[in-house]
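For reference, the chains in residue letters:
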Number of protein chains: 2
Amino acid sequence: MAKQISDSKLGILGGGQLGRMLIQETINYNLTTLVLDPDSDAPCKHIANYFECGSITDYDTVYKFGKKADVITIEIEKVNIEALEQLEKEGKLVFPQSRVIRLIQDKGVQKQFFKENDIPTAPFQLANTKEDMLHSHIPFPYMLKQRRDGYDGKGVMRINSAADLDDAFESHCLIEEIVDFEKEIAVIVSRNSNGDVKTFPMVEMEFNAEANLVEFLISPSTYPDHIQERAETIAKNIAGALNVTGLLAVEMFITRDGDILVNELAPRPHNSGHQTIEGNYVSQFGQHLRSIFNLPLGDTRSISNAVMINLLGEKGHEGVATYQGMEKILGLDGVYVHLYGKKYTKPFRKMGHVTIVDQNREAAIEKANYIKETLKVIS
Amino acid sequence: MAKQISDSKLGILGGGQLGRMLIQETINYNLTTLVLDPDSDAPCKHIANYFECGSITDYDTVYKFGKKADVITIEIEKVNIEALEQLEKEGKLVFPQSRVIRLIQDKGVQKQFFKENDIPTAPFQLANTKEDMLHSHIPFPYMLKQRRDGYDGKGVMRINSAADLDDAFESHCLIEEIVDFEKEIAVIVSRNSNGDVKTFPMVEMEFNAEANLVEFLISPSTYPDHIQERAETIAKNIAGALNVTGLLAVEMFITRDGDILVNELAPRPHNSGHQTIEGNYVSQFGQHLRSIFNLPLGDTRSISNAVMINLLGEKGHEGVATYQGMEKILGLDGVYVHLYGKKYTKPFRKMGHVTIVDQNREAAIEKANYIKETLKVIS
């Protein structure tokens, strides 16, 4: 029997911006928060009840940390799974479950899971050696992805021809057919231990090509209902097949033929859900808490059109961060700034985000463009 | 020249729920927060960057604490004014200004200020002795209020006849004509150092007669526009006459004749503005930060009808708090729980609040009634 939420100790592996925004929400429920992160200046440091500087990939550190909590969650997948398995055996609640994190940590296993569960995804094959890559049944050009530890565009490269393989990753990889997509979309789905499932409305993402990071996110999507419903059904099917407790972000492509293909999963709050803080009745962080404490799920409907911009460190600037243009952008109505408490900036580092809420979608996009030009993180 | 908000240290005198909700908002701006409170378990303790357990009425303690901050604000008026004056002399930014706090700390001076500035308020007179109370030019029955340190209904009594004066306050008091009011209302106004002024929409309050505390708050009001505009104009006039920087909550009565009379002021975030967190485009806490850092003021419009319920400690329960009915009320859409991080409950202690947001005003009120019956703070 789980304790009351207001009586519980929540352990969070990782103390970055996702943990920070989760903690902002935990404050409303009197939760005691414990955070483990290797960076002694992590964004969560000053707002957690207890902050421990240590490795989230080391068995002993994670195990000992987890023993102090009632419920353990993550804000990043690269954590020590064996320690979480042991904690589960000893009766701790770990959400998402260690087996879900293990599956998602490995993009190869993730793709096989899609295949086995009839989840639409781009054709792929696993590749352990240069030889495999050279003789793949997927023809050049293709995408080569490291099976582990890739994030924010790292661990992914396009292979146009055999010549490109000279610089290819040495680790275990996944080869994927290049998807000729029209739009990248995401659906965040949540599931509590009772098995209640809810999706947030589908959102559209625009990437910064140079940084390979989400730059703009528009919620809700204006794709036809049947496409949005299909995307939401896929997300629900994945959550059901995984039997996950907690949030699951499902990133997908809409192809030029109108097909939907699943790209990848994140079993936690995600960049594609930041706009829910102001744009939806429940935020992804509130929903994650409701899920892992087995409470009724919140109302995921949009309140308004919302556009989210990631605030990335400006190119050519490295050092203590300052924020240029803040006063100007706060002069616009419906603008919400979220800085992540990072002292140092570097090119393309995620330093914060801004959400724009406006009943008029075009007006929201226009404001977002202005903010992108106006607000700069420099050193 | 003030520093950038993201580079600043904000000192907060008082570490209760108002400070706690203010800190939740400061996190979005990377503000460094310092809190001084005499309670070593104050609600702000774990979420402030720096928490100091000490007296907010002691000159040395407040002065030394204030020296560490760039900007100093309050979440309660009962603070050491002389220390704040000295800090102002030394160039610290203190908002609200010490002279505003000094004026508002004394309900007698506050009433004289209303009179001098043609702010409508109930007839009154000052009374220092029992003799003054007996021979007041305001006839029995009247309200007797302590000039200092009253809050949440404390320091206020109704005097029906000379006999009641046996138990009257011994301190300096204010005698006030009893107002035959139809409704208690409030308008929160904010003003930055540039002199920009904005009001939040007028709200209606329902009091718990036994506890003399706000129990229900309904936003926005459904009074006719001309009444709402008058209330907002009064609030703006007071903010202008005070030349205040920061938030100012103006509590008023609407009499049965349709007149508006100002009851009292609070120069800080206030219980009558909690529903702005979810119900308005900018929250009172966000607006207070914008005001004291001289940023453009946010959009105060209502997003939706909102009803706020104070979650008071249940009668007959004293001890470690538990929250009964939480799961049930989280099953309703548009319900936002804010617990204040107080370990111990006692009858009528403010333990948290719940805001209900609904496009339909009647539905919001109905949910509020259900929540009032369902969610209980017990020991």
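Residues numbered from 1 in each chain as written. Chains lettered and ligands numbered in written order. Predicted model: local features only at pLDDT ≥ 70, side-chain atom pairs only at ≥ 80, totals over all residues. Heavy atoms only, no water.

Asks: Can you help me understand the overall build of chain A in this one?
Replies: Tallying secondary structure elements over chain A gives 11 helices and 22 strands in all. For 379 residues, the compact-globule estimate of 2.2 N^0.38 gives 21 Å, and the C-alpha radius of gyration of chain A, at 20 Å, lies within 12% of that figure. Referenced to the eigenvectors of the C-alpha coordinate spread, the extents of chain A come out at roughly 55 × 55 × 45 Å. Here chain A holds 379 residues, and 61% of them are scored as buried. For chain A, the accessible surface area stands at approximately 14,600 Å², while carbon and sulfur atoms represent 47% of it. In chain A, which carries 41 positive and 53 negative side-chain charges, the distance between the mean positions of the two groups comes to 5 Å. (Helix = DSSP H or I, 4+ residues; strand = E, 2+ residues; numbered from the N terminus. Rg over C-alpha atoms; globule rule 2.2 N^0.38 Å. Buried < 20%, exposed > 50% of the residue type's maximum accessible area, 1.4 Å probe, protein only. Areas by Shrake-Rupley, 256 points an atom, 1.4 Å probe, with all protein chains shown as cover. Lys, Arg positive; Asp, Glu negative; His and termini not counted. Charge placed at Lys NZ, Arg CZ, Asp CG, Glu CD.)

Asks: What is the right way to look at the packing of aromatic side chains in this model?
Replies: Geometrically, a pair of aromatic rings is defined through the distance of the ring centres and the angle of the planes. Residue and element names in this part refer to chain B. As enumerated under the stated definition, the model contains 8 aromatic pairs over all chains in all. With a centroid separation of 4.8 Å and an interplanar angle of 25°, the aromatic rings of F181 and F253 are classed as stacked. Placement of F181 in strand β10 (residues 181-191) and of F253 in strand β14 (residues 246-255) is noted, with a sequence separation of 72 residues between them. Under the relative-accessibility criterion, F253 is labelled buried at 10%. (Phe/Tyr/Trp six-rings, centres within 6.5 Å; stacked < 30°, edge-to-face > 60°.)

Asks: Please clarify how the sheet that holds strand β5 (residues 93-94) of chain A should be interpreted in this entry.
Replies: As a general point, the strands of a sheet are linked pairwise by backbone hydrogen bonds and lie either parallel or antiparallel. All names here are of chain A. Taken in spatial order, the 5 strands make up an open sheet running β3-β2-β1-β4-β5, and their pairing is parallel. A single partner strand is all that each edge strand has here, and the edge strands are β3 (50-53) and β5. The strands that helix α1 (residues 17-26) touches are β1 (9-13), β2 (32-37) and β4 (71-74); relative to β1, the one it contacts most, it runs at about 170°. (Pairing = 2+ DSSP bridges. Contact = heavy atoms within 4.5 Å. Axes fitted to C-alpha atoms, helices over the stretch in contact; angles between N-to-C directions.)

Asks: Explain helix α4 (residues 98-105) of chain B to me, please; I cannot follow it from the model alone.
Replies: Each α-helix turn comprises 3.6 residues. Residues three or four places apart therefore point the same way. With 6 of 8 residues buried, α4(B) lies mostly within the body of the structure. Turning to α4(B), its buried residues number three or more, namely B:S98, B:V100, B:I101, B:L103, B:I104 and B:Q105.

Asks: Can you help me understand the relation of the copies chain A and chain B in this one?
Replies: Superposing the two chain copies requires a rotation about an axis and a translation along that axis. Superposing chain A onto chain B takes a rotation of 180° combined with a translation of 0.0 Å along the rotation axis, leaving an RMSD of 0.0 Å. Seen this way, the second copy is the image of the first under a two-fold rotation axis. When each C-alpha of chain A is compared by its distance to the rotation axis, A:I47 comes out closest, at 2.2 Å. (Least-squares fit on C-alpha atoms with pLDDT ≥ 70 in both.)

Asks: What should I look at first to understand the domain arrangement of chain A in this one?
Replies: Where interface size is given, it is often the accessible area lost as the parts come together that is meant. We note that the domain assignment places domain 1 (5-94), domain 2 (123-177) and domain 3 (181-378) within chain A. Summarising the inter-unit geometry, the C-alpha centres of domain 1 of chain A and domain 2 of chain A are found 34 Å apart. (Domains from an automatic or database assignment.)

Asks: Just checking my understanding: could you explain helix α5 (residues 107-116) of chain A for this structure?
Replies: Residue and element names in this part refer to chain A. Inspection of α5 places K107, G108, Q110, K111, F113 and F114 among the buried residues, and these make up the whole buried set. At the N-terminal end of α5, a side-chain oxygen is found 2.7 Å from the backbone nitrogen of G108, two or three residues along, and the residue is D106. Directly beyond the C-terminal end of α5, a positive phi value near 55° is found at D118. (Polar contact = N/O pair within 3.5 Å; in protein donor to acceptor, adjacent residues only side chain to side chain.)

Asks: Which parts of the structure should I look at to understand the interface of chain A and chain B?
Replies: Counting residues at the interface gives 39 residues for chain A, matched by 39 residues for chain B. A combined buried area of about 3,500 Å² lies between chain A and chain B, and 48% of that area is made up of carbon and sulfur atoms. If you sort the residues of chain A by the area they bury against chain B, A:I27, A:Y281 and A:L330 come out on top, with a joint share of 17%. Our count for the contact surface shared by chain A and chain B stands at 0 salt bridges. The interface formed by chain A and chain B contains 21 residue pairs in polar contact (both at pLDDT 80 or more). Listing elements by their share of the side of chain A that touches chain B, those giving two or more residues are α1, β18 (322-324) and β19 (335-339) of chain A. Per-element tally for the side of chain A that touches chain B: the top contributor is β19(A), with 5 residues. Among the residues forming the side of chain A that touches chain B, the class breakdown is 17 nonpolar, 14 polar and 8 charged. (Buried area = accessible area lost by both parts, 1.4 Å probe. Salt bridge = Lys/Arg side-chain N within 4 Å of Asp/Glu carboxyl O. Nonpolar A, V, L, I, M, F, W, Y, C, P; charged D, E, K, R; others polar.)

Asks: Where do I start with the UniProt feature "binding site: ATP" (unreviewed entry) in chain A in this structure?
Replies: Residues and elements named next belong to chain A. If you check UniProt for "binding site: ATP" (unreviewed entry), the listed places come out as K107, K145, E176, E177, I178, V179, E184, N263 and E264 in our numbering. Note on placement: E177 falls in strand β9 (residues 173-177). For E177, a relative accessible area of 36% translates into the label partly exposed. Apart from residues no more than four positions distant in its own chain, E177 is found in contact with A122, P123 and I138. Of note, I178 is situated in the loop between β9 and β10 (181-191). Looking at I178, the relative accessible area reads 27%, which means it is partly exposed. Not counting the four nearest positions on each side in its chain, I178 is found in contact with P141, Y142, M143 and R158. (UniProt positions renumbered as here; feature names shortened; annotations may be inferred.)

Asks: Looking at this structure, how should I read the environment of B:M308?
Replies: Residue and element names in this part refer to chain B. Tracing the sequence through the fold places M308 in strand β16 (residues 305-312). Sequence separation between M308 and V354 is 46 residues; the distance between their C-alpha atoms is 5.7 Å. Setting aside chain neighbours within four positions, we find M308 in contact with V214, E215, F216, L217, N271, H274, Q275, H353, V354 and T355.

Asks: Teacher, can you tell me more about the sheet that holds strand β8 (residues 156-159) of chain A here?
Replies: All names here are of chain A. If you trace the 4 strands from one edge of the open sheet to the other, you get β6-β9-β7-β8, paired in antiparallel fashion. Only two strands of the sheet have a single neighbouring strand rather than two, namely β6 (124-127) and β8. Each strand axis lies, on average, 25° off the axis of its neighbour in the sheet, ignoring direction. Pairing of strand β7 (residues 142-146) with β8 involves 4 bridges; the strand directions are antiparallel. Bridge pairing in β8 places L144 opposite M157. Together, β6, β7, β8 and β9 form the strand contacts of α5, whose direction differs from that of β6 by roughly 145°.

Asks: What is the right way to look at the packing of helix α2 (residues 59-67) of chain A against helix α3 (residues 81-89) of chain A in this model?
Replies: Helix-helix packing: each pair is described by the crossing angle between the helix axes and the interaxial distance. All names here are of chain A. Contact geometry for α2 and α3: axes closest at 8 Å, N-to-C directions at 35°. Taken as a pair, α2 and α3 cross one another with a handedness that is right-handed. From α2, Y59, V62, Y63, G66 and K67 reach across to α3, where they touch E82, A83, L84, Q86 and L87. Class assignment for the residues of the contact of α2 with α3 results in 6 nonpolar, 2 polar and 2 charged. (Left-handed = near helix turned anticlockwise from the far one by under 90°.)

Asks: Explanation requested: the nonpolar core in the structure shown.
Replies: Grouped together as the largest cluster of nonpolar side chains are 91 residues, with contacts concentrated most on A:L10, A:F293, B:L10 and B:F293. Once residues lying within four places of it in the same chain are set aside, the contact partners of B:L10 are B:L22, B:T26, B:L31, B:T32, B:T33, B:L34, B:A69, B:V71, B:T73, B:L289, B:I292 and B:F293. (Core = buried A, V, L, I, M, F, W, Y, C linked by side-chain atoms within 4.5 Å.)

Asks: Honestly, the environment of B:G14 in this entry has me stumped. Any pointers?
Replies: Mapped onto the fold, B:G14 is located in the loop between β1 (9-13) and α1 (17-26). Aside from chain neighbours lying at most four places away, what touches B:G14 is B:V35, B:L36, B:D37, B:I56, B:E75 and B:I76.

Asks: Even after reading the chapter, I still don't get unusual backbone geometry, so can you show me in this structure?
Replies: With glycine set apart, most residues show a phi of negative sign, and most peptide bonds adopt trans. Residue and element names in this part refer to chain A. F95 connects to P96 through a cis peptide bond whose omega is 0°. Along the polypeptide, P96 turns up in the loop between β5 and α4 (98-105). Of the consecutive residues S219 and P220, the connecting peptide bond is found in the cis state with omega at -10°. For N243, which is not glycine, the phi dihedral falls at a positive 55°. Its location among the elements puts N243 in the loop between α7 (225-242) and β14 (246-255).

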